[in-house]
Amino acid sequence: MPLKVYNTLTRQKEEFKSIIPNHVGLYVCGPTVYSEPHVGNLRTFSSFDMIYRYLTFLGYKVRYVRNITDAGHLTNERGEGVNRMESQAKLESLEPMEIVQKYTVSFHRIMDAFNTIPPTIEPTATGHIVEQIEMIETLLKNGFAYEVSGSVYFDVKKYNDQHNYGVLSGRNIDELMAGYRDLDGQEEKRNSIDFALWKKASPEHIMQWNSPWGKGFPGWHLECSAMSTKYLGETFDIHGGGMDLKFPHHECEIAQNTGSCKHGGAKYWLHTNMLNFNGQKMSKSLGNSILPMEFVSGNHPLLDKGYAPSVLKFLFLQSHYSSELDINVKGLQDAEKGLKRLMEAVDIVNSLQLTVNSASKTELDSKIESIAAACKECMDDDFNTAKTIGNLFELSTIVNSLKGGQVKPEEISSTGLDLLKATLHNYLFDVFGLRNENAALSNNKLDEAIQVLIGLRKDAKAKKDFVTSDKIRNELGAAGINLKDEKDGGMSWSLS
Ligand code: AMP
Ligand code: ZN
């Protein structure tokens, strides 16, 4: 079955056909680096991580571009208000670029802790001012933009006469104009719905650049149009982001792209849905905004304890990326149990010593084949991770039956056993990017236990009790744990 994706642009599930065979251009709107990412941001970025991983798993070579918004992000979606980087800089008594650095580093740490793969290109808005200015010049030349006193605005009404502003979000410009009419600070614009491409900077505005229109800074929507075009071309495969970006950010991107080069950018627009906690939108004022690392440490009054990063990811994956997701402590506890069951199945199947049926294909082999095929079918159906997980649980039941003896070794062939192992491994680790944190934990515990034995052996040697010291070394060796004397007098161990 071919891969199908729900395309927000056409409002239907479509067969995915890449522009260049075997290659995919994927652009995801990245973080605004003036604060720590919250767990909602994490859901969006880990959903696109799964999508990137699955495309790679299918054999596509993916150019994955995710930008860093480090300029021009104003508090108001119409391109007015205060620059968030600057107001945070004032609050923390730092340079705006120190704010950018601080939160970019912290964003990367969190993405790493949650085992997401970095994009192949991570361009910044401040590094692409030239490209943004060029795009504004083209829009001015094409008649879709106008300059007023050092600022440049996109002429939405004029654009809409020739194209369709609202093509993505389904919004109607007359209704939008009626809604915007009473808002302040729009005297410069021809129409309330117009958005800023370039804003003239007041002298106290710290982040500003020279341009043909004087000193200023770019509008937020522009960076993604400029950088996606630069790295992926005028037409590329997939553009993603959270549902809240569909309008106005992505609608404006399409208008900018079409207005400058007649192409609307991406063929497929994918949107992840919002994450809530205890039925409420997470917000700092409600006190329910939990940071990703607070989930791990458990250091938050709304949590009962810390949860491994993979538990939170597993909880996300149990819902479709495009469904709204409400999480709570009970959901985390259940996800922890579910993930443990699957990871135990991985450990068991890796250590099973079976004399399997090598003669012929068995009934159980066919069952494993059909579950493995179902995993792929579910993922091909717009990345249905929830249903794929259901199939992985079926595989874990087979593993437990093999271990418990309810299924006899002769009921499975080595090919069937290999497929069982590979399917669990491929989806859990490669596609979902989960980690066997139980295994990591038990490795730590194993190390602690061996260190105790190494200490006892050292004491025995010091007392010239070589019978005990040799016994410890030999019995550990027999259990597959080799001790090695190091030059510094210490002792290391390894598994044979
Ligand atoms: P930001 O850094 O706020 O611009 O957001 C980064 C990404 O996270 C964007 O794609 C947003 O759409 C997405 N996002 C923001 N809030 C949430 C939320 N509560 N749940 C899921 N995604 C979100
Ligand atoms: Zn964007």
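These numbers were taken from a predicted model, which means no experiment stands behind them. Once a new chain begins, its residue numbering starts again from 1 and follows that chain's sequence as written. Here the convention is simple: chains get letters from A, ligands get numbers from 1, in the order in which they are written. In keeping with the predicted nature of the model, local features appear solely for residues at pLDDT of at least 70, side-chain atom pairs appear and are counted solely at 80 or more, and the whole-chain, interface and lining totals rest on all residues. Only hydrogens and water are set aside when side-chain values are computed; all heavy atoms of the structure are taken into account.

A few words now on the overall build of the protein. When helices and strands are counted, the protein shows 16 helices and 17 strands. Per-residue accessibility, obtained with a 1.4 Å probe over protein chains only, is compared with the maximum for each type, and a residue is labelled buried under 20%, exposed over 50%, and partly exposed between these values. Counting over 496 residues, the protein shows a buried share of 51%. Residues count as neighbours in contact if any of their non-hydrogen atoms are within 4.5 Å of one another. Long-range contacts, defined as pairs at least 24 residues apart, comprise 73% of the intrachain contacts of the protein with a sequence gap of at least 6. The accessible surface values rely on the Shrake-Rupley method and a 1.4 Å probe; as for residues, cover is taken only from the protein chains in view. Roughly 22800 Å² of accessible area belongs to the protein as shown, and the carbon and sulfur atoms make up 51% of that amount. A residue counts as positive if it is Lys or Arg and as negative if it is Asp or Glu; His and the chain ends are not included. For charged residues, the charge sits on one atom: NZ in Lys, CZ in Arg, CG in Asp, CD in Glu. Separation of charge centres in the protein, based on 54 positive and 63 negative side chains, amounts to 3 Å. Labels follow the DSSP assignment, with helices taken as runs of H or I lasting at least four residues and strands as runs of E lasting at least two, numbered in each case from the N terminus.

Turning next to the site of ligand 1. Residues are counted as near a molecule or strand when any one of their heavy atoms sits within 4 Å of it. Around ligand 1 there are 14 residues in total, and Thr32, Thr44, Gly242, Asp244 and Leu275 lie nearest to it. Here a polar contact means two N or O atoms within 3.5 Å. Within protein one must be a hydrogen donor candidate and the other an acceptor candidate, and residues neighboring in sequence count only if both atoms are side-chain atoms. Taking Gly242, its main chain carries an N or O atom lying 2.9 Å from an oxygen atom of ligand 1. Between ligand 1 and Asp244 there is a distance of 2.3 Å, counted from an oxygen atom to a side-chain nitrogen or oxygen. For ligand 1, the accessible surface in isolation is 490 Å², of which the surrounding protein chains cover 87%. Among the secondary structure elements, those contributing two or more residues to the shell around ligand 1 are α1 (39–57) and β11 (235–242). Examining the composition of the shell around ligand 1, we find that 4 residues originate from one element, α1, more than from any other. Classification used: nonpolar for Ala, Val, Leu, Ile, Met, Phe, Trp, Tyr, Cys and Pro, charged for Asp, Glu, Lys and Arg, polar for all others including Gly. A per-class count over the shell around ligand 1 returns 5 nonpolar, 8 polar and 1 charged.

A few words on the coordination of the zinc ion (ligand 2). A 2.8 Å cut-off from the metal defines N, O and S donors, relaxed to 3.2 Å for Na, K and Ca; water is not in the atom list, so some sites may appear incomplete. Here the zinc ion (ligand 2) is held by Cys29 (SG), Cys224 (SG) and His249 (NE2), and the distances to it run 2.0 to 2.2 Å. All donors of the zinc ion (ligand 2) come from a single chain, and their spacing in sequence reads C-x194-C-x24-H. Of this pair, Cys224 sits in helix α7 (residues 220–232) while His249 sits in helix α8 (residues 246–261); the two residues are 25 residues apart in sequence, bridging distant segments of the chain.

Working note: a packed helix pair is described by the angle between its axes plus the distance between those axes. The contact between helix α12 (residues 363–380) and helix α14 (residues 414–431) brings their axes to 9 Å, and the two run at 20°. Of the possible angle classes, the one that applies to α12 and α14 is roughly parallel. Regarding α12 and α14, the two cross each other, and that crossing is left-handed. In contact with Asp365, Ile368, Glu369, Ala372, Cys375, Lys376 and Met379 of α12, α14 contributes Gly416, Leu419, Leu420, Thr423, Tyr427 and Val431. A breakdown of the residues in the contact of α12 with α14 according to their chemical character gives 8 nonpolar, 2 polar and 3 charged. Fitted lines through C-alpha atoms serve as axes, helices being fitted only where they are in contact, and the angles separating the N-to-C directions of these axes extend from 0 to 180 degrees. An angle below 35 degrees is read as roughly parallel, one above 145 as roughly antiparallel, one from 65 to 115 as roughly perpendicular, and any other as oblique. Crossing chirality is assigned from the near helix's rotation relative to the far helix, an anticlockwise turn below a right angle marking it left-handed and a clockwise turn marking it right-handed.

This brings us to the sheet that holds strand β7 (residues 145–148). If you trace the 4 strands from one edge of the open sheet to the other, you get β7-β8-β9-β10, paired in antiparallel fashion. Single-partner strands in this sheet number two, and they are β7 and β10 (216–218). Averaged over all pairs of adjacent strands, the angle between their axes in this sheet comes to 20°, without regard to strand direction. Strand pairing is assigned whenever DSSP identifies at least 2 bridges connecting the two strands. Where β7 meets strand β8 (residues 151–154), 4 bridges bridge the pair, whose relative direction is antiparallel. Within the sheet, the bridge partner assigned to Glu147 lies in β8 and is Val152. Packed onto the sheet, helix α4 (residues 129–141) meets β7, β8, β9 (195–200) and β10 and runs at close to 120° relative to β9.

With respect to the helices and strands, the residue Leu354 is situated in the loop between α11 (329–351) and α12. Here the alpha-carbon distance between Leu354 and Phe466, two residues 112 residues apart in the chain, equals 39 Å. Once you skip the residues sitting within four places of it in the chain, Leu354 turns out to touch Leu402 and Pro409.

Within a sheet, neighbouring strands are paired by backbone hydrogen bonds and run either parallel or antiparallel to one another. Overall, parallel pairing links the 4 strands, which are arranged β4-β3-β11-β12 in an open sheet. Bordering the open sheet on either side are β4 (61–66) and β12 (265–272), each of which pairs with just one other strand. For this sheet, the mean inter-axis angle between neighbouring strands, taken without regard to orientation, is 25°. One ladder, built from 3 bridges, connects strand β3 (residues 23–28) with β11; its direction is parallel. Its bridge partner lying in β11, Leu26 is registered against Ile238.

On to the environment of Val356. Secondary-structure assignment places Val356 in the loop between α11 and α12. When sequence neighbours within four positions are dropped, the list of residues in contact with Val356 reads Pro409, Ile412, Ser413, Ser414 and Leu417.

It is worth spelling out α7 at this point. Relative to the 18 Å expected for 13 residues at 1.5 Å per residue, α7 spans 19 Å between its end C-alpha atoms, a close match to the ideal helical length. The element α7 is largely enclosed, with a buried count of 10 among its 13 residues. Regarding α7, the residues found buried are Trp220, His221, Leu222, Glu223, Cys224, Ser225, Ala226, Met227, Ser228 and Leu232. In a helix, the anticipated span is given by 1.5 Å times the number of residues less one.

Next up on the list: the domain arrangement of the protein. How far each domain reaches was decided by an automatic or database domain assignment. As assigned here, the protein comprises domain 1 (4–272), domain 2 (277–431) and domain 3 (437–495). The C-alpha-based centres of domain 2 and domain 3 are spaced at 35 Å.

Time to look at the state of the cysteines. In what follows, a disulfide is any cysteine sulfur pair within 2.5 Å. Under the criterion given, the structure shown has 0 disulfides. With no disulfide of its own, Cys252 lies 11 Å from the sulfur of Cys224, the closest cysteine sulfur. Among the residues examined, Cys252 registers a relative accessible area of 1% and is labelled buried.

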